[in-house]
Amino acid sequence: MSVLGREEILKRITVGEIILLGKLIEILNDRDTPKCVSEIKDLRRKYLKFYLDFQNGHLSTWKNITRNFKELYEEQKRILSSHLLVSLSNSSEITAVKCLSWCRSSSVVGVSMIGSEVDFEKCRINLIRSIHHEWKCYFAKNEGNILPECWDDDVYRGVKDLINDLVKNPLQSEFPPDSIPSNIPSPIFLSNFEVDNLGMGNYDLSLGPEVYVTSMSQPKWFSSVSETASIPPGAFALLLTNEYILLPPDVYGLISLRFSHKVKGLTNVSGFHIDPGYCGRILFGVYNAGSGDVYLEYRKPTFVITFMDLGNSTSKLMGIYTKKSYDYIPVEYIEKLRGDPVSLRELDKRVKILETITYVILASFVLAVLMFALQQWK
Ligand SMILES: Nc1ccn([C@H]2C[C@H](O)[C@@H](COP(=O)(O)OP(=O)(O)OP(=O)(O)O)O2)c(=O)n1
């Protein structure tokens, strides 16, 4: 098991983006939408070229790599958003209308963004979910009847097929065979990806659209980027990531809070790992053990994830996680947690008040006894 470095993470994210574009092309082709498809195919070709250059070491510096990736990602945003937005103003543009209605048909909850960004990220989340759905069906179908010697072929076929169909085949049809790497890593899917949030061996995840602090009666939904939520001392809070994540079977995630929040007294009490195959937002339970309010800002890097490459064959026995995942904060968690904060500081204050009351009563009692004794003596 080894930690994925930033280059390896970005390569896997790139493979993920290529797969997402391939899926979109498949869906739009089904719907007979050639104009939209030709632009997206063109973009995919640029992503494939970027992947080859990156993998073959032709992009010399990290700055160069990230600049190239950012340009592609921005272009992707622009192309998809413009197709989606055109449909709003031009109803005769059947391509965009279909594209938009498909993207909007989802039940993605908790996306609190504006205009084109909503459609762009919704579209990506939908695609990520459809891939996850395929994997789940694949693994469910194969569960229980896989021979140990077939792990590699069977358990991984769902992912391998995806890589072969949507990455290797387009690479082979567009680029010289000797430039194509023999081993393409499995993809990491992340919505709202920001290349600047990549660390040397981790990725900073941002605060999502919904926050629940135990002192509140209802969860808070952010509506604009600069909004904050405060967690008072002694309060417990549930926080969601802005990113929607899907991990492949050979990648395991370790999650934590960023040090800049920990140092204020915020502690992560909700568990520390993301299973291969997990698909959703990540839900954090945190406790403010510090002495002051901790402020968290919507869509600002708040958490951190480290990706572990499971790599070897024994780890492949793990399969993928197929149980619950989070789109929003579950109501039952809110009901269980609601209540007043109990902080050490608050308790200290209350003990001090009790001490003062006790001293006053004691002093009054001693004074009364003294006065009584004085009267008797007279
Ligand atoms: N802070 C966390 C910890 C975990 N998870 C997600 C990712 C994990 O892959 C999944 C399951 O984690 P656990 O196995 O620790 O959780 P449970 O044991 O409660 O769930 P299950 O019974 O589904 O395994 O939940 C999350 O969103 N936020």
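Model, not experiment: these values are computed from the prediction.

**Q** Which residues make up the overall build of the protein, and what values go with them?
**A** A count of helical and extended segments in the protein gives 10 helices and 14 strands. The proportion of buried residues among the 378 residues of the protein is 35%. Taking the intrachain contacts of the protein between residues at least 6 apart in sequence as the baseline, contacts between residues at least 24 apart amount to 76%.

**Q** Any chance you could break down the site of the ligand for me, citing the residues and the numbers?
**A** Around the ligand sit S270, G271, I274, D275, Y278, I282, L283, F284, Y321, K323, K324 and Y326, and that is every residue in its neighbourhood. The residue makeup of the shell around the ligand, split by class, is 7 nonpolar, 2 polar and 3 charged.

**Q** Outline the domain arrangement of the protein, supporting the account with residue identities and numerical values.
**A** Many authors give the size of an interface as the accessible area that is lost as the parts come together. Along its sequence, the protein is organised into domain 1 (2-187), domain 2 (202-337) and domain 3 (351-378). Taken over C-alpha atoms, the centre of domain 2 sits 54 Å from the centre of domain 3.

**Q** Help me get a handle on the environment of L207, residues and values and all.
**A** Positionally, L207 belongs in strand β3 (residues 203-213). Taking the C-beta count within 10 Å as the criterion, L207 has 24 such neighbours and is therefore assigned buried. Taking the C-alpha atoms as reference points, L207 and F303, 96 residues apart in sequence, are found 7.6 Å from one another. If sequence neighbours within four positions are ignored, L207 has contacts with L239, N242, L296, E297, Y298, R299, K300 and T302.

**Q** So what about the nonpolar core? Which residues, and what values?
**A** A general tendency of soluble globular proteins is for nonpolar side chains to be buried together. I18, A237 and I245 are the most contacted members of the largest nonpolar core, which has 80 residues in total. Residue contributions to this core peak at 11 residues, all from helix α1 (residues 6-30). The two domains that each donate at least three residues to this core are domain 1 (2-187) and domain 2 (202-337). With sequence-adjacent residues up to four places away left out, A237 is seen in contact with V211, Y212, V213, T214, I231 and V286.

**Q** Lay out the UniProt feature "transmembrane region" (unreviewed entry) in the protein in plain terms, naming residues and giving numbers.
**A** UniProt annotation of "transmembrane region" (unreviewed entry) refers to residues 356-374 when read in the numbering used here. Secondary structure content for residues 356-374 is 100% helix and 0% strand, and the end C-alpha separation is 27 Å.

**Q** Residue-level account of the pairing of strand β8 (residues 251-257), with values.
**A** The alternating pattern of β8 places V251, G253, I255 and L257 on a buried face and Y252, L254 and S256 on a face that is not buried. Both β8 and strand β14 (residues 301-309) contribute to a ladder of 7 bridges, which runs antiparallel. Looking at β14, one finds that S256 is bridged to V304. As judged from the 2 bridges shared by β8 and strand β10 (residues 273-274), these two strands associate in the antiparallel manner. Directly across from L254, in β10, lies its bridge partner H273.

What counts, and at which threshold
Residues numbered from 1 in each chain as written. Predicted model: local features only at pLDDT ≥ 70, side-chain atom pairs only at ≥ 80, totals over all residues. Helix = DSSP H or I, 4+ residues; strand = E, 2+ residues; numbered from the N terminus. Buried ≥ 20, exposed ≤ 12 C-beta atoms within 10 Å, placed from the backbone. Contact = placed C-beta atoms within 7 Å. Near = placed C-beta within 6 Å. Nonpolar A, V, L, I, M, F, W, Y, C, P; charged D, E, K, R; others polar. Domains from an automatic or database assignment. Core = buried A, V, L, I, M, F, W, Y, C linked by C-beta atoms within 7 Å. UniProt positions renumbered as here; feature names shortened; annotations may be inferred. Pairing = 2+ DSSP bridges.

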